[in-house]
Every structure is written in C-alpha cells, then in structure tokens.
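Here's the letter readout for the chains.
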Amino acid sequence: MIEELEKLDKNFSEGTFLTKVDHIFIMILNGIMDNDMTSVKHYLSNEVYEKFCKLTDKYISMKATRLFDEMNVSSTKITNIDIADEEILVHVNIESKYMDYLIDENGNFLSGVNDHRIVTNHNIIFSKKRNALSLSEIRRCPGCGASLDLNDSAVCKYCNQPFDMSDYDYIVVDIDTF
C-alpha cells in the first residue's frame, strides 16, 4: 500500500505525512477553540472548511467557546490508500485524548467533560491531485511573490491572497464530526 504510493508520489514520506496530519488535526482543534478556521483553511477542502465554519458560527451565536484542554495525539495511522486517475486519497485514523467542553462568554462551564481527558478516534481523508505541482521550500504568494508561512494562515500579509494548497499537497476532504 505505502510502497505503491511512494512510487507514484516521489515526495511522499510516511513519517513526514503522519507528522503533518497531527499538525493539521491540532490546528483544526485550535480553530474550533478560536471560533475562527482561517488559520487552517489552506489545509481543508472548501466543503470541510464550510462545515467547520458552520460549527464555529453556532458557538458564536450561543456566545460560547468550545475548549479542548490537555490535548494530545496518541497515534496516527494510515488505514487505506485509494489511487484514482485524478487523485490520491489517503485515509487516516487519529486517536487523541483531550477534555472537550463548552464555556460561556464569562468562562462558566456549560457542558461537556472538563475533569478528565477522553479518548477519541477521528477518521480523516486526505486528497492530493495526481498532477500536483512541486511545493518548493520557499512558499511564495501567487499574487505578489512575497514569502508565505504555511504554518500560519497561508494568506499573504501584503496582498491578502490565499494560497491554494490543493494544487500542491494533500488537503482534508473529509473528516468525521466533532
């Protein structure tokens, strides 16, 4: 399974990919806690981004914040790889532990688990175009050419143009609900 993917995607490294998956997962949790998914948008398909925006909009309308305290990723595993004509799909399972609860605007507990960490499993599907472009070491804004920090928001701080990661690398195209 991995060997076939490595033949097709010469830049694929299982260890590097799994580390990136963990990073993206934590960024998603942070986006939910901030009620703002902008910093992780470039790693998400439009559909997944909209799904999380609806979730955070719900918390905003409730004047609540969802917290994930003491979070960590216990394990990340590739469970399946689908290779199609146009794209490569990598299915991943993440086991993580965190306290998951809601607080109101005054910091008062509303609901959830805030006294011990719970173990959760999330299934995520990543997609990469078969004809993806090479992602160089220095990421440049397609609008003005300025350097971009993809770990930040991948939106140019000079011209505000977003960087479309789907043209270069794996992005989240499906994730089970939070």
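In what follows, the structure referred to is the one given above.
Please read all numbers here as calculations on a predicted model, not as lab measurements.

Caption draft 1: Representation of the overall build of the protein. Within the protein, the regular secondary structure consists of three helices and four strands. Listed N to C, the secondary structure of the protein is α-α-α-β-β-β-β in terms of helices and strands. A compact globule built from 178 residues would reach a C-alpha radius of gyration of about 16 Å, and the protein, at 17 Å, matches this within 12%. Principal-axis analysis of the C-alpha atoms places the extent of the protein at approximately 50 × 40 × 25 Å. Per-residue burial for the protein yields a buried fraction of 41% across its 178 residues. A fraction of 64% describes how many contacts in the protein between residues 6 or more apart in sequence connect residues 24 or more apart. Counting only carbon and sulfur atoms, one obtains 45% of the accessible surface of the protein, whose full area is about 9,800 Å². Looking at the protein, you have 18 positive and 30 negative side-chain charges, and the mean spots of the two groups are 2 Å apart.

Caption draft 2: Summary view of the side chain of Thr120. By secondary structure assignment, the location of Thr120 is in strand S3 (residues 109-129). A relative accessible area of 14% places Thr120 in the buried class. At 3.3 Å, the side chain of Thr120 and the side chain of Tyr98 are in polar contact. The residues touching Thr120, leaving out its near neighbours within four places in the chain, are Ile94, Glu95, Ser96 and Tyr98.

Caption draft 3: The pattern of salt bridges, seen in detail. Applying the stated criterion across every chain, the model contains four salt bridges. Note that Lys20 is salt-bridged to Asp169, the shortest N-O span being 2.3 Å. One end of the pair, Lys20, is in helix H2 (residues 14-34); the other, Asp169, is in the loop between S3 and strand S4 (171-175), and 149 residues separate them in sequence. One salt bridge in this structure joins Lys129 and Asp167, with 2.8 Å as the shortest N-O distance.

Caption draft 4: Structural view of the side chain of Ser96. One can find Ser96 in strand S2 (residues 87-104). Dropping the residues within four chain positions of it, Ser96 is found in contact with Phe25, Asn72, Val73, Ser74, Ile118, Val119, Thr120 and His122.

Caption draft 5: Highlighting helix H3 (residues 46-61). A rise of 1.5 Å per residue sets the reference length of H3, with its 16 residues, at 22 Å; its end C-alpha atoms lie 22 Å apart and thus fit the reference within 8%. Turning to H3, its buried residues number three or more, namely Val48, Tyr49, Phe52, Cys53, Leu55, Thr56 and Tyr59. Down the axis of H3, the sector holding all buried residues measures 160°, keeping them to one side. Counted as exposed and oriented over 90 degrees from the buried face of H3: Asn46, Glu47, Lys54 and Ser61. Contacts from the buried residues of H3 go to H2, strand S1 (64-83), S2 and S4.

The rules behind the values
- Residues numbered from 1 in each chain as written.
- Predicted model: local features only at pLDDT ≥ 70, side-chain atom pairs only at ≥ 80, totals over all residues.
- Heavy atoms only, no water.
- Helix = DSSP H or I, 4+ residues; strand = E, 2+ residues; numbered from the N terminus.
- Rg over C-alpha atoms; globule rule 2.2 N^0.38 Å.
- Buried < 20%, exposed > 50% of the residue type's maximum accessible area, 1.4 Å probe, protein only.
- Contact = heavy atoms within 4.5 Å.
- Areas by Shrake-Rupley, 256 points an atom, 1.4 Å probe, with all protein chains shown as cover.
- Lys, Arg positive; Asp, Glu negative; His and termini not counted.
- Charge placed at Lys NZ, Arg CZ, Asp CG, Glu CD.
- Polar contact = N/O pair within 3.5 Å; in protein donor to acceptor, adjacent residues only side chain to side chain.
- Salt bridge = Lys/Arg side-chain N within 4 Å of Asp/Glu carboxyl O.
- Expected span 1.5 Å × (residues − 1).
- Arc of directions from axis to C-beta.

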